[in-house]
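# Commentary on secondary and tertiary structure
The primary structure of each chain is shown beneath.
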2 protein chains.
Amino acid sequence: MLSNIRIVLVQTYHPGNIGASARAMKTMGLTDLVLVNPRQFPDPEASRLAAGAEDLVDDARVVGSLAEAVSDCVQVVGASARLRSLPLPHFDEPDEMARDLVAQAGHDPVALVFGRERFGLTNDEIRCCSHQVSIPANPDYGILNLSQAVQVLAHELFTAWRRHPDSGYRPSRPVQERQPTREQLGHFHDHLRRVMRHSGFITQPHARTEDQLEALFARARPNRKELSLLRGLLASLESHLPDA
Amino acid sequence: MLSNIRIVLVQTYHPGNIGASARAMKTMGLTDLVLVNPRQFPDPEASRLAAGAEDLVDDARVVGSLAEAVSDCVQVVGASARLRSLPLPHFDEPDEMARDLVAQAGHDPVALVFGRERFGLTNDEIRCCSHQVSIPANPDYGILNLSQAVQVLAHELFTAWRRHPDSGYRPSRPVQERQPTREQLGHFHDHLRRVMRHSGFITQPHARTEDQLEALFARARPNRKELSLLRGLLASLESHLPDA
């Protein structure tokens, strides 16, 4: 699925942006990079900023036109900060775009296209796209650096992929700690109440204060080990209190 | 709300990362930057990479410890790529973290803390936090550049803020085009069927093909102007067909 998602950079001016974009791609599981008429490529800056993603830079395909870059794709989303007059279907929300693109990528190649740092994509290049997406940003200062835009949309694609039922993604989550039973919690509550009363914190039966503290602990959901720690603490404190 | 969200960078090694992080923040509406013991700051690289966000760099507070940076905060989330043995509540999903942090930021300052490029945060610094968050990434290559991590989490915060009922965010959406009525669509369908039959495309009454094309147009949801264009096209084609 992810391997069917192509990132296309059109006429990138700074080779460093190519490298940083490759790094952004690789952290999010993307590998297919195509460059349309890069101004200066190959270049040591591209390799330097790629850090551990030089393989993506070395394997990047270089072509002469956007049409050539996406001819085999079934969906092409143009990322553009600037509104265009062409009425292409437009995703205002990157996460919606990502879910849609990942769903299409199950079967055929798809592409996400980024334009020039200053000038974005031309109208003819927008015509090579089936959809557009913009990254909602600060209206007073909304232009992300090119490789930052690649990182944000790659992150949304990786998120959509992870959450897709057919991705096969298996997160490594820590083992769930065992929870105490109602009976064990009951013992803890009794112990806590006893200490609150014997210490003089509660002078009359004060169900409200006791309930409030019990609700706090309920919210914290102590596991069995933690409950054990709390019981131990209460026992140590209790040993200094006068007998009931 | 957004103004209550502080970004804290701990012992950043490359001043360029400070500048790029400031730019990332500003594109997502964040302004409060605090630096804990930056290795080299102020520095021309920080200003250069900040692009139009130099105001954030110039206004950044510099302090000697993380505790000092977040003493007034009610929630502090440590962004860490490396798992720690301390059992702090952990957000596996950046969007969940963002919704939680934005909700807290309605009333009091909160902070999102990033560690050193290579070494992340120390255990003592994790103890200054109430929560941790990690950015899910490629298990084979999962380390984002520091300013890229800031951009991703700032984007999630801005998204959570926009979607929060109390944010007052008003997107500028284009005016919705008027839709045709069922009657107008009915005229279009009749016209389309007439042309399909008179052209010889359908030789016998073939309800299935006609239904399929009508379903395609239903999915496209032509607005009134578009329906008008289609009717005009059908009329031009029809003028060349033999009379029924």
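Residues numbered from 1 in each chain as written. Chains lettered and ligands numbered in written order. Predicted model: local features only at pLDDT ≥ 70, side-chain atom pairs only at ≥ 80, totals over all residues. Heavy atoms only, no water.

An unreviewed UniProt entry lists chain A under the name tRNA (cytidine/uridine-2'-O-)-methyltransferase TrmJ, from Halomonas ventosae. Among the UniProt annotations of chain A, the heading Subunit (unreviewed entry) holds the following wording: "Homodimer." Regarding chain A, the relevant UniProt record gives this comment under Subcellular location (unreviewed entry): "Cytoplasm". (UniProt positions renumbered as here; feature names shortened; annotations may be inferred.)

Attention shifts here to the domain arrangement of chain A. Once the domains are mapped, chain A shows domain 1 (5–163) and domain 2 (182–239). With centres defined by C-alpha atoms, the gap from domain 1 of chain A to domain 2 of chain A works out at 56 Å. (Domains from an automatic or database assignment.)

All right, on to the pattern of salt bridges then. If you walk through the whole model with that rule in mind, you get 30 salt bridges over all chains. With a closest N to O distance of 2.5 Å, Arg-163 of chain A and Glu-93 of chain B form a salt bridge. Within this pair, whereas Arg-163 of chain A is found in helix H7 (residues 146–163), its partner Glu-93 of chain B is found in the loop between strand E5 (90–91) and helix H5 (94–104), the two belonging to separate chains. Residue classification places Arg-163 of chain A among the partly exposed residues on the basis of a relative accessible area of 44%. (Salt bridge = Lys/Arg side-chain N within 4 Å of Asp/Glu carboxyl O. Helix = DSSP H or I, 4+ residues; strand = E, 2+ residues; numbered from the N terminus. Buried < 20%, exposed > 50% of the residue type's maximum accessible area, 1.4 Å probe, protein only.)

This part takes up unusual backbone geometry. All names here are of chain A. Cis geometry marks the peptide bond from Phe-41 to Pro-42, where omega comes out at -5°. Position of Pro-42 relative to the elements: it lies in the loop between strand E2 (32–36) and helix H2 (44–50). Although it is not a glycine, Arg-221 adopts a positive phi angle of roughly 50°. Position of Arg-221 relative to the elements: it lies in the loop between helix H9 (207–220) and helix H10 (224–238).

With 34 residues of chain B at the interface, the matching set in chain A holds 34 residues. Interface of chain B and chain A: buried area, both sides summed, is about 2,800 Å²; carbon and sulfur atoms make up 49% of it. Broken down residue by residue, the surface that chain B buries against chain A is led by Tyr-141, Gln-148 and His-155 of chain B, which jointly contribute 23%. Along the contact surface separating chain B from chain A lie 6 salt bridges. If you look at where chain B meets chain A, you find 17 residue pairs in polar contact (both at pLDDT 80 or more). Mapped by element, the contributors of at least two residues to the side of chain B that touches chain A are helix H1 (15–27), H5 and helix H7 (146–163) of chain B. (Contact = heavy atoms within 4.5 Å. Buried area = accessible area lost by both parts, 1.4 Å probe. Polar contact = N/O pair within 3.5 Å; in protein donor to acceptor, adjacent residues only side chain to side chain.)

Time to look at the nonpolar core. Judged by nonpolar contacts, the single largest core of 88 residues is most densely connected at Leu-112 and Phe-114 of chain A together with Leu-112 and Phe-114 of chain B. With near-sequence residues (within four places) excluded, Leu-112 of chain B lies in contact with Arg-6, Ile-7, Val-8, Val-77, Met-97, Leu-101, Val-133, Leu-153 and Leu-157 of chain B. (Core = buried A, V, L, I, M, F, W, Y, C linked by side-chain atoms within 4.5 Å.)

What follows concerns the relation of the copies chain B and chain A. Placing chain B over chain A gives an RMSD of 0.1 Å and needs a rotation angle of 180°, together with 0.1 Å of translation along the axis. The superposition of one copy onto the other is thereby described by a two-fold rotation axis. When C-alpha positions in chain B are compared against the rotation axis, the closest is assigned to Val-152 of chain B, at 2.7 Å. The overlap is high: 100% of the interface residues of chain B also sit at the interface in chain A, so the same surface is used on both sides. (Least-squares fit on C-alpha atoms with pLDDT ≥ 70 in both.)

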